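# Inside the fold
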Amino acid sequence: MKRVINTAITAFLLASVCFLPTGQASAHSMDEIKGSLVITGGSLGSSNKDIYESFIKLAGGVEKAKIGIIPAASGSLKSSKEFRADLVKYGVKEADIEILPISNHDFSDTDLDEKSWKNNVHDNAVVSQIEDLSAIWFVGGDQLRITETLYDAKGKSTLALEAIWNVYRKGAVIGGTSAGAAIMSDVMITGGDSLGGLKGKFTGKSASSKDKEYEPVRIDRGLGFFKYGIIDQHFDERGRLGRLVATAVKYEKQKKKYNSYGIDEDTALIVNNQEKTTEIAGRGGVTVVDSSKAKEHKGKIDNVSISFLSPGDKIDLTTKSFTIHSKKGATQGNEYYRFKPLDATGVLTSYGKLKPYLSYSLVDNSSTDSVKSYLYDSKGTGFALTFSKTKQTNGFWGYKDGQKDDYSITNVNMDVAPVSLQFKTDKHAFKDYQESNFELPEKTGRGAIKGNLLIAGGALGSSNEAVYNTFIELAKEGSDAKVGIISAASGSLSSSDSFKNDLLEYGLKEENIKILPISAHDFKGTSEDESRWKENKNSDGVAAEIKKLDAIWFVGGDQTYITEALFNPDQTESKALQAIWDIYKEGAVLGGTSAGAAVMSDVMLAGGGSLETLTKGFTDTYNGMEQQEGGPAYLERGLGFFQDGLIDQHFDNKARLGRLIAAAHEVGDRNQLSYGIDEDTAIVVNNHKRKVEVIGRGGLTVIDLMKVKTNPNIKSQYKNILLSTIAPGDRVDLQTNEIQISQHKVRTKGNEYGDFNAAPHSGVLTEHGTLSKFLSYQLVDNSGEKEVKAYSFDKGKGVELTFRKTKVTDGYWGYKDGSKDDYSVVHAVLDITPIAVKEK
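Here we summarise the structure given alongside this text.

## Here we look at the overall build of the protein
Secondary structure summary: the protein contains 20 helices and 44 strands in total. The globule rule puts the C-alpha radius of gyration for 840 residues at 28 Å, and the 27 Å found for the protein is close to it. Residues counted as buried form 60% of the 840 residues belonging to the protein. Summarising the internal contacts of the protein: among those between residues at least 6 apart in sequence, 76% fall at separations of at least 24. Surface summary for the protein: the accessible area is close to 32,500 Å², and the carbon and sulfur share equals 46%. Computed over 104 positive and 112 negative side-chain charges, the inter-centroid distance for the protein is 5 Å.

Next up, the structure:
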């Protein structure tokens, strides 16, 4: 479903609300419950096999399951019908699935008046329907509609609710998503956000007010199926840690006994009541808030313990202990990273979402014991959030879906303190800014190129069928294609072996896949000294092997290792590189991920962070992979296969907007666009049709500097940058620079879904915190704002980013993978202004 913009805010903000769950639901003892729960955090993808199959299994399996869907939360029957269709797709007989006639309101997409259903909760025939079920599912929407339907006017359980409790007690599974998750605990959060929660604004009433940048947290009584703490949903996407922490501190009456749980989208908490355990399933994670030692005083909240669990992790609900998936190893004492992280201050923070930020910047980083972020309104009034390691803190790391990082984190301490920030324009902010000394390579006339490119932004999942199948199809010979893998960027052969195994899974023949002996350094974990391969770049035999290939793939790692392995010391092209060019011109596909994407353009971005590039500029020195996590930008010559602009990768996760803008401005061609590719995403470059198409799971940021205005006396001041964030199925015309949007989407202009005042992007608790989603929800699909702001700063200096809507700005929206929002933004306008920041 599209995000519900709930602007119901009480006219009289209450400092506190006296709330004690009452009624029959609270009287049920969990010792008598044989049933289970599948509590899903919203935006459940139709392709989420783990959650659907878990729910069906707990319902008795495809042969025995009898499932009732309660549509009460929704404004239409669409989501109920779609969930039924998904269950059928996973093997349940359609005759064994019922949409129960339980609602207190009419639905918009039927001819019936479902208001007539409101008395069904007292009907013995409906009770009989429920008592014949092995599973019940609550769809998403407004959780108050569910409770208002299933409790009577006096707050007592209706016959229908009692029947649900009866089948639950006997062994049925109860599941729900979004609103259907919120109703699971006794304390039900029905609205509000993190800024409202941390301000101590709670209410039990509703009144309309859209002129505030925060919502007070609204608390009501849930159905109480989950007895082990408070549940919140859409957790990471909507930045709800602040509201859950504030709610847990205020309303969890048994803090020492129970935690509170924030469930991410497309993720489920699967509760086994008989064993009193729960397991995480799906694609995101669950945040566990332990407020047992929390202290609240004068706006401060100290000593909250935060843990982040991933699919496969388990929790003992009675001891509050965690069991981490056996495939993960502890990071404590074996931290991979050694860099000094910047505070998480906005859209230019690397790993700027909460869990990645704490994983990479704190728990798996030996160089720091604490990190900091913010949450504030447009006046700079809000909170500083400090996350610290303690003796109990640990991290756990492994791979998932191929070689994608998968972290779990336990017992990070969180402290919250009021703060006031002042932002002022500073024309002299970056006096030490160093312009780039990089000299553009002279372009070589290559003539017509028949081959294509597939450029992936890093962290490519083995299950990403769109990317793998497209790469194989572009190789012309299909399953008979001959593929060479160049391992030069990596420190080991593991990523090459993994990619080879993936190609085998997708149908290629093992004898047709070769790891080419091209490298300038040795690899870990092998008996051979691969540093001897550096002479192979001018080997006639290796060049001859390359000329037999239909496709070449560059794995990730350090992009400077690739160029070192393929250019001669005098920067002329080696025989191996010439051979790659020869097959590319004749029709081969060249692909690569991460470092293998960075090498594709003439100018290669090899290091640097966004904020540091905007504030410090460029450097001529490079100290290895550590520099990819921050510092001024470092540029080198790339291989130049993509001749239509600059490429950057890991774009949204590592927040590389600032460094790509600065590099494109200093060394790029203003008539060309620049491209930032998200992780698990690729662009397909069709050189014949002169088109770029986005495929995969993330997005593509397109930067247009044709009309940009700068001031040579004020470093990093930019006006009129055109910024587009587009999605799989969208295209770019390389001849006209026109962006073409997938036909399944509709325009949002003039039909915006939201109408509210948006707070600035201020850090890890910002709602819809990635660049593309921030622009989509907060600006383009929001009639309440013509511009939104974000700030990024360090040690009192930074930049203000103003994203504006103009006549050329457009937005497009559709669904993907069931009912998950799918946005494209075209030509938002970005201005960047240097600022001084003062913290009080």
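## Description of helix α10 (residues 241-251)
Quick reminder: α-helices carry 3.6 residues per turn. Residues three or four places apart thus point the same way. With 10 of its 11 residues buried, α10 lies for the most part within the structure. Three or more residues of α10 are buried, namely L241, G242, R243, L244, V245, A246, T247, A248, V249 and Y251.

## Description of the packing of helix α5 (residues 124-131) against helix α7 (residues 159-170)
Packing of α5 against α7 brings their axes to within 9 Å, and their N-to-C directions diverge by 15°. Relative to α7, the element α5 is oriented roughly parallel. Crossing angle aside, the handedness with which α5 passes α7 is right-handed. Every residue of α7 that contacts α5 at N124, V127, I130 and E131 is listed here: L159, A160, A163, I164, N166 and V167. Classifying every residue of the contact of α5 with α7 by side-chain character gives 7 nonpolar, 2 polar and 1 charged.

## What about the side chain of D186?
Positionally, D186 belongs in the loop between α8 (179-182) and β6 (187-191). D186 gets classed as buried once you look at its relative accessible area, which sits at 18%. Among the polar contacts listed, one links the side chain of D186 to the side chain of K227, at a separation of 3.1 Å.

## Side note on the sheet that holds strand β26 (residues 551-554)
Spatially, the 9 strands line up as an open sheet ordered β25-β24-β26-β27-β23-β33-β34-β38-β39, and their pairing is mixed. One side of each edge strand has no neighbouring strand; the edge strands of this open sheet are β25 (513-516) and β39 (739-740). One ladder, built from 6 bridges, connects strand β33 (residues 681-686) with strand β34 (residues 691-696); its direction is antiparallel. Its bridge partner being in β34, A682 is matched across the sheet by I695. Packed on one face of the sheet, helix α12 (residues 465-474) meets β23 (452-456), β24 (483-486), β26, β27 (589-593), β33 and β34 and runs near 135° to β34. Set on the sheet, helix α13 (residues 494-505) makes contact with β24, β25 and β26; between it and β25 the angle comes to about 165°.

## Brief notes about unusual backbone geometry
Within the chain, Q571 stands out as a residue other than glycine whose phi angle is a positive 70°. With respect to the helices and strands, Q571 occurs in the loop between α15 (559-566) and α16 (575-586). By relative accessible area, Q571 is classed as partly exposed at 39%. In this structure, S594 is a non-glycine residue whose phi angle is positive, near 60°. Relative to the helices and strands, S594 resides in the loop between β27 and α17 (595-598).

## Concerning the side chain of T278
Looking at where T278 falls in the secondary structure, it is placed in strand β12 (residues 277-282). Engagement of the side chain of T278 in a polar contact is seen with the backbone oxygen of I270, the distance being 2.9 Å. Setting aside anything within four residues of it in sequence, one finds T278 in contact with L269, I270, V271, D313, K314, I315 and L317.

## Comments concerning the nonpolar core
Of all hydrophobic cores here, the largest spans 55 residues; its most connected members are I455, I546, F554, F641 and F642. Top contributing element to this core by residue count: α16, with 7 residues. Residues contacting I546, with those up to four places away along its chain left out, are L516, I518, I552, A576, A579, I580 and I583.

## Re the sheet that holds β12
In space, the 9 strands of this open sheet follow the order β3-β2-β4-β5-β1-β11-β12-β16-β17, with mixed pairing throughout. The open sheet has two edge strands with one neighbour each: β3 (97-99) and β17 (322-323). Here strand β16 (residues 314-316) pairs with β17 via 2 bridges, running antiparallel. Each bridged residue has a counterpart across the sheet, and for I315 the counterpart in β17 is F322.

## Here we look at the pairing of strand β20 (residues 381-388)
Along β20, 6 of the 8 residues are buried, which leaves the element largely enclosed by surrounding structure. The turn linking strand β19 (residues 370-376) back onto β20 is made up of 4 residues, and G380 within it adopts a positive phi angle of 85°. In this sheet, strand β22 (residues 404-425) lies alongside β20 in antiparallel orientation, the contact comprising 8 bridges. In the strand pairing of β22, A384 is matched with A417.

## Focus on helix α19 (residues 657-667)
Summarising burial for α19: 10 of the 11 residues are buried, a large majority. Of all the residues in α19, the buried ones are L657, G658, R659, L660, I661, A662, A663, A664, H665 and V667.

## Some points on the packing of α12 against α13
At their nearest, the axes of α12 and α13 sit 11 Å apart, and the two run at 80° to each other. Classified by the angle their axes make, α12 and α13 are roughly perpendicular. Contacts between α12 and α13 involve Y468, F471 and I472 on the former and, on the latter, F499, D502 and L503. Among the residues forming the contact of α12 with α13, the class breakdown is 5 nonpolar, no polar and 1 charged.

## Let's talk about the pattern of salt bridges
In this structure the tally under the stated criterion is 39 salt bridges. D96 is the salt-bridge partner of K66, the closest N and O atoms lying 3.3 Å from each other. Here K66, found in the loop between α3 (61-64) and β2 (67-70), pairs with D96, found in the loop between α4 (78-89) and β3; they are 30 residues apart in sequence, far enough to count as distant. The class for K66 is partly exposed, based on a relative accessible area of 32%. The buried category is assigned to D96, whose relative accessible area is 13%. Here the residues in one salt-bridge network are D266, R283, D817 and K820, joined through shared partners.

Thresholds, definitions, all that
- Residues numbered from 1 in each chain as written.
- Predicted model: local features only at pLDDT ≥ 70, side-chain atom pairs only at ≥ 80, totals over all residues.
- Heavy atoms only, no water.
- Helix = DSSP H or I, 4+ residues; strand = E, 2+ residues; numbered from the N terminus.
- Rg over C-alpha atoms; globule rule 2.2 N^0.38 Å.
- Buried < 20%, exposed > 50% of the residue type's maximum accessible area, 1.4 Å probe, protein only.
- Contact = heavy atoms within 4.5 Å.
- Areas by Shrake-Rupley, 256 points an atom, 1.4 Å probe, with all protein chains shown as cover.
- Lys, Arg positive; Asp, Glu negative; His and termini not counted.
- Charge placed at Lys NZ, Arg CZ, Asp CG, Glu CD.
- Axes fitted to C-alpha atoms, helices over the stretch in contact; angles between N-to-C directions.
- Parallel < 35°, antiparallel > 145°, perpendicular 65-115°, else oblique.
- Left-handed = near helix turned anticlockwise from the far one by under 90°.
- Nonpolar A, V, L, I, M, F, W, Y, C, P; charged D, E, K, R; others polar.
- Polar contact = N/O pair within 3.5 Å; in protein donor to acceptor, adjacent residues only side chain to side chain.
- Pairing = 2+ DSSP bridges.
- Core = buried A, V, L, I, M, F, W, Y, C linked by side-chain atoms within 4.5 Å.
- Salt bridge = Lys/Arg side-chain N within 4 Å of Asp/Glu carboxyl O.

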